[in-house]
Amino acid sequence: EVQLQASGGGLVQTGGSLRLSCVASGFNFDDYAIGWFRQAPGKEREVVSCISDDGATFYDDSVKGRFTISSDSAKNMAHLQMNSPKPEDTAVYYCHEPRSGSWGQGTLVTVSS
């Protein structure tokens, strides 16, 4: 069945950058949408960005102009480029495929100042 693996999290300082990756199996990114979600300590999971099967993108207002979502159909991967991260971006980040409802295991991003 559909499986997702998120990676690339770690400790990053404000002014730095980080790129998260999501590797998929059981489906192709050129046929399905992918979303990035995050869950901060004590808060509910929320959507960060999404990319559709036709390349349309969505960004939450909190990350517009700073984060960029992309996909690589040849490698069955999606990425979230995080530029100018802020401490409030600290969270566990998950990739999600809405058609199947599948979630990756999550990767922790910690932003320090």
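Numbers given for residues are sequential positions, taken from 1 along each chain in its written order. Reporting in this predicted model follows two pLDDT cut-offs: at least 70 for local features of residues, and 80 or more for side-chain atom pairs to be given and counted; totals over whole chains, interfaces and linings ignore these cut-offs and use all residues. The basis for every side-chain value is the complete set of non-hydrogen atoms in the structure, without hydrogens or water.

**Structural notes on the overall build of the protein chain**
No. 1: Along its length, the protein chain carries zero helices and eleven strands.
No. 2: Going from N to C terminus, the protein chain has its helices and strands arranged as β-β-β-β-β-β-β-β-β-β-β.
No. 3: In this setup the radius of gyration rests on C-alpha atoms only. A globule is expected at 2.2 Å times the number of residues raised to 0.38. Relative to a compact globule of 113 residues, whose C-alpha radius of gyration would be 13 Å, the protein chain shows 13 Å and is just as compact.
No. 4: Every one of the 113 residues in the protein chain was classed for burial, and the buried ones make up 41%.
No. 5: Sequence separation of 24 or more characterises 54% of the internal contacts of the protein chain that already satisfy a separation of 6 or more.
No. 6: Accessible surface area values rest on a Shrake-Rupley calculation with a 1.4 Å probe, where residue burial reflects the displayed protein chains alone. When the accessible surface of the protein chain is summed, it comes to about 6000 Å², and 45% of that surface belongs to carbon and sulfur atoms.
No. 7: The charge count includes Lys and Arg as positive and Asp and Glu as negative, but it does not include His or the ends of the chains. Charge positions come from single atoms, namely NZ of Lys, CZ of Arg, CG of Asp or CD of Glu. Measuring between centres, the 9 positive side-chain charges of the protein chain sit 7 Å from its 13 negative side-chain charges. Each helix is a run of DSSP H or I of at least 4 residues and each strand a run of E of at least 2, with the numbering of both proceeding from the N terminus. Burial classes follow relative accessibility: with a 1.4 Å probe on protein chains only, a residue under 20% of its type's maximum area counts as buried, one over 50% as exposed, and anything between as partly exposed. Throughout, a residue-residue contact means that at least one pair of heavy atoms, one from each residue, lies within 4.5 Å.

**Notes on the environment of Gln39**
No. 1: With respect to the helices and strands, Gln39 occurs in strand E4 (residues 34-39).
No. 2: Sequence separation between Gln39 and Cys95 is 56 residues; the distance between their C-alpha atoms is 12 Å.
No. 3: Here Gln39 is in contact with Glu44, Arg45, Ala91, Val92 and Tyr94, once residues within four sequence places are set aside.
No. 4: A polar side-chain atom of Gln39 sits 3.1 Å from the main-chain carbonyl oxygen of Lys43. Two N or O atoms form a polar contact when they lie within 3.5 Å of each other; inside protein one atom must be a possible hydrogen donor and the other a possible acceptor, and for residues adjacent in sequence the pair counts only when both atoms belong to side chains.

**Considerations on the side chain of Arg66**
No. 1: Position of Arg66 relative to the elements: it lies in the loop between strand E6 (57-59) and strand E7 (67-72).
No. 2: Residues within four places of Arg66 in sequence aside, it is in contact with Gln81, Met82, Asn83, Ser84, Pro85, Lys86 and Asp89.

**Quick notes on the nonpolar core**
No. 1: Only buried residues count toward a nonpolar core, which is a set of Ala, Val, Leu, Ile, Met, Phe, Trp, Tyr and Cys residues joined through side-chain atoms within 4.5 Å. In this structure, Leu20, Trp36, Leu80, Met82 and Tyr93 are the most contacted members of the largest nonpolar core, which totals 26 residues.
No. 2: Going through the elements one at a time, strand E1 (3-7), strand E3 (17-25), E4, strand E5 (46-51), E7, strand E8 (77-83), strand E9 (91-97) and strand E11 (107-112) are the ones with two or more residues in this core.
No. 3: Looking at this core element by element, the count peaks at four residues for E3.
No. 4: Beyond its immediate sequence surroundings of up to four residues, Tyr93 is in contact with Ala6, Leu20, Trp36, Phe37, Arg38, Val48, Phe67, Leu80, Met82, Gly106, Thr107 and Val109.

**Digging into the pairing of E7**
No. 1: Only strands that DSSP links by at least two bridges are regarded as paired with each other. With six bridges connecting them, E7 and E8 associate as antiparallel partners. Considered in E8, the bridge of Ile69 is made with Leu80.

**Here's the deal with the packing of aromatic side chains**
Centre-to-centre distance and the angle between the planes together describe a pair of aromatic rings.
No. 1: Only rings of Phe, Tyr and Trp enter the pairing, Trp through its six-membered ring, and a pair is recorded when the two centres are within 6.5 Å. The plane angle decides the type: under 30 degrees is stacked, over 60 is edge-to-face, the rest tilted. Within the structure shown, the criterion is met by two aromatic pairs.
No. 2: Relative to Trp103, the ring of Phe37 lies with its centre 5.0 Å away and its plane at 70°, an arrangement referred to as edge-to-face. Residue Phe37 is found in strand E4, and its partner Trp103 is found in strand E10 (residues 102-103); the two are separated by 66 residues along the sequence.
No. 3: Taken together, the aromatic side chains of Phe37, Tyr94 and Trp103 make up a single cluster linked through ring pairs.
No. 4: Whether a charge sits over a ring depends on NZ of Lys or CZ of Arg being within 6 Å of the ring centre and within 35 degrees of the ring normal. The ring centre of Tyr94 lies 3.7 Å from the NZ or CZ of Arg45, which sits over that ring.
No. 5: Above the ring of Trp103, the side-chain terminus of Arg45 is found at 4.6 Å from the ring centroid.

The quantities given are spatial measurements derived from coordinates; they are silent on function.
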